[in-house]
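Single-letter residue listing:
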Amino acid sequence: MIDGRVMNTSRPIRAIIDLSALRHNHAVARRQVGANKLWAVVKANAYGHGLERAVAALADEADGFALIELERAIALRQSGLTHPLLLLEGFYDADELALFVRHRLIPVVHRADQVQALLAVDWPADLPVYLKLDSGMHRLGFDAVGIVAAQAALASRMPLVLMTHFADADGPRGVDWQFARFTAMTTGMDHPRSLGNSAAILRYPDKVGDWARPGIMLYGSSPFAETTAAALDLKPVMTLQSEIIGVQEIAAGESVGYGCTFTADQPMRIGVVACGYADGYPRHAPTGTPVLVEGQRTRTLGRVSMDKLCVDLTHVNVGAGGTALLWGDGLPADEVATAAGTISYELFCALAPRVAVEVRG
Ligand SMILES: *Cc1c(COP(=O)(O)O)cnc(C)c1O
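Residues numbered from 1 in each chain as written. Predicted model: local features only at pLDDT ≥ 70, side-chain atom pairs only at ≥ 80, totals over all residues. Heavy atoms only, no water.

Undergrad: When you look at the site of the ligand in this model, what are you seeing that I'm missing?
TA: By nearness alone, 13 residues border the ligand, and Lys43, Tyr47, Ser198, Ile216 and Tyr345 come closest of all. Within the side chain of Ser198, a nitrogen or oxygen atom sits 2.5 Å from an oxygen atom of the ligand. Contact between the ligand and Tyr345: an oxygen atom at 2.6 Å from a side-chain N or O atom of the residue. Looking at the shell around the ligand residue by residue, the classes come out as 7 nonpolar, 4 polar and 2 charged. (Near = heavy atom within 4 Å. Polar contact = N/O pair within 3.5 Å; in protein donor to acceptor, adjacent residues only side chain to side chain. Nonpolar A, V, L, I, M, F, W, Y, C, P; charged D, E, K, R; others polar.)

Written out as structure tokens, the structure is:
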């Protein structure tokens, strides 16, 4: 595991992690939610940015951290972190509850048998439990009948927080329909609420509840297809860059890469970049996916291979040793993700352990 330290490699690919951008983006979330609190979502190794370094960078600002992985939460506690920690998928087996108690981890509970498991342990009276409601996403959560029983069973034993997750905060359906269902399902229940992800924080800041849960916006990407991160005042935290390690001059009719999927219709200059799908660059990125070479915008050509991809240098006067920026500062990951038919979340999470990390800010 490379998390928490800077690894040096001879290979020129680097993920540059800008922690000042992370703090800036957290401040944007803070501005949006006003007096409400923020769970900084750091699951999946802080969306590929490195859990320990993200948590350390936000320690002064964050109200708490939310993640999925129990072992990583315990490691944070063992490193001395005293912030509230929320386990977004709760516990999978009742045996884990002793660890939740010992390390003061807040579980999200979404099934009746989990309520029974909680009742069977000596739960601290001051350690909250989150009850997750299914208000329309139909993934995890209690229905209207189940939440009444769960709330009644636990309310006298520990502080409760009522939680739900929006399915389309970034899309055309919005959140009002789920907010209305959630409100109806929780009528008369006097507990704090936790609703909004990044998209809701940015678009419906009055519907995020007492504890909002920003994830992707902290890492500087836009949750919206139609709005850039820059327009939302978000700054990229991860920049993935490498170098041109070879240059080819090819004639019209020659092809590039595996499968010969790109064929030149004129003489072309091709640059070979030390970055491939084993670094986390998406193999399904088609010809034409944007790349910045020494600050000049160009495109990928042909298939991405395990360790290399090819770029068009026909109109870019850069040779071996030139910098190739795959995404980040100057080329939004959102743009690359869109070209590759995915979302920046997946690009970040897929950053491979072999990529050296350089921390700034
Ligand atoms: C991942 C996650 C979030 C953060 O979502 P973003 O779209 O990245 O802001 C919020 N809440 C829950 C329950 C999550 O699992």
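Undergrad: What is the right way to read the packing of aromatic side chains from this model?
TA: Any two aromatic rings considered together are summarised by their centre-to-centre distance and by the angle between their planes. Under the criterion given, the structure shown has 6 aromatic pairs. With 6.1 Å between their ring centres and 75° between their planes, Phe91 and Phe100 make a pair best called edge-to-face. Accessibility expressed as a relative area gives 4% for Phe91, which makes it buried. Each residue in the set Trp39, Tyr130 and Trp211 is aromatic and connected to the rest through ring pairs, giving one cluster. Its end group placed over the ring of Trp177, Arg173 keeps NZ or CZ at 3.6 Å from the ring centre. A cation over an aromatic ring shows up here: Lys207 above the ring of Phe179, its NZ or CZ 5.5 Å from the ring centre. (Phe/Tyr/Trp six-rings, centres within 6.5 Å; stacked < 30°, edge-to-face > 60°. Buried < 20%, exposed > 50% of the residue type's maximum accessible area, 1.4 Å probe, protein only. Lys NZ or Arg CZ within 6 Å of the ring centre and 35° of its normal.)

Undergrad: When you look at the sheet that holds strand S3 (residues 64–67) in this model, what are you seeing that I'm missing?
TA: Strand-to-strand pairing in sheets goes through backbone hydrogen bonds, with the strands running parallel or antiparallel. The parallel open sheet is built from 8 strands, whose spatial order is S8-S7-S6-S5-S4-S3-S2-S9. Edge positions in the sheet fall to strand S8 (193–194) and strand S9 (211–212), since each has one partner strand and no second. In terms of strand pairing, strand S2 (residues 37–41) meets S9 through 2 bridges, oriented parallel. When the sheet's bridge partners are listed, Leu38 is paired in S9 with Ala212. (Pairing = 2+ DSSP bridges. Helix = DSSP H or I, 4+ residues; strand = E, 2+ residues; numbered from the N terminus.)

Undergrad: Please clarify how the confidence of the model for the protein chain should be interpreted in this entry.
TA: A low pLDDT means the predicted coordinates there should not be read in detail. For the protein chain, the average pLDDT comes to 96, and 98% of its residues sit at 70 or higher. Taken together, the stretch residues 1–5 has pLDDT below 50 and engages in 14 contacts with residues farther than four places along the chain or on a different chain. (pLDDT = per-residue confidence, 0-100. Contact = heavy atoms within 4.5 Å.)

Undergrad: Sorry, what's going on with the side chain of Thr186 here?
TA: Of note, Thr186 is situated in the loop between helix H8 (176–185) and S8. Of the residues examined, Thr186 reaches a relative accessible area of 1% and is grouped as buried. Aside from chain neighbours lying at most four places away, what touches Thr186 is Leu133, Leu162 and Arg193.

Undergrad: Would you explain unusual backbone geometry in this entry?
TA: A positive phi angle, close to 55°, is found at His138, a residue other than glycine. Tracing the sequence through the fold places His138 in the loop between strand S6 (129–132) and helix H7 (144–154). Look at His138 and you get exposed, because its relative accessible area is 60%. Residue Asp233 is not a glycine yet carries a positive backbone phi of 65°. One can find Asp233 in the loop between S9 and strand S10 (238–250).

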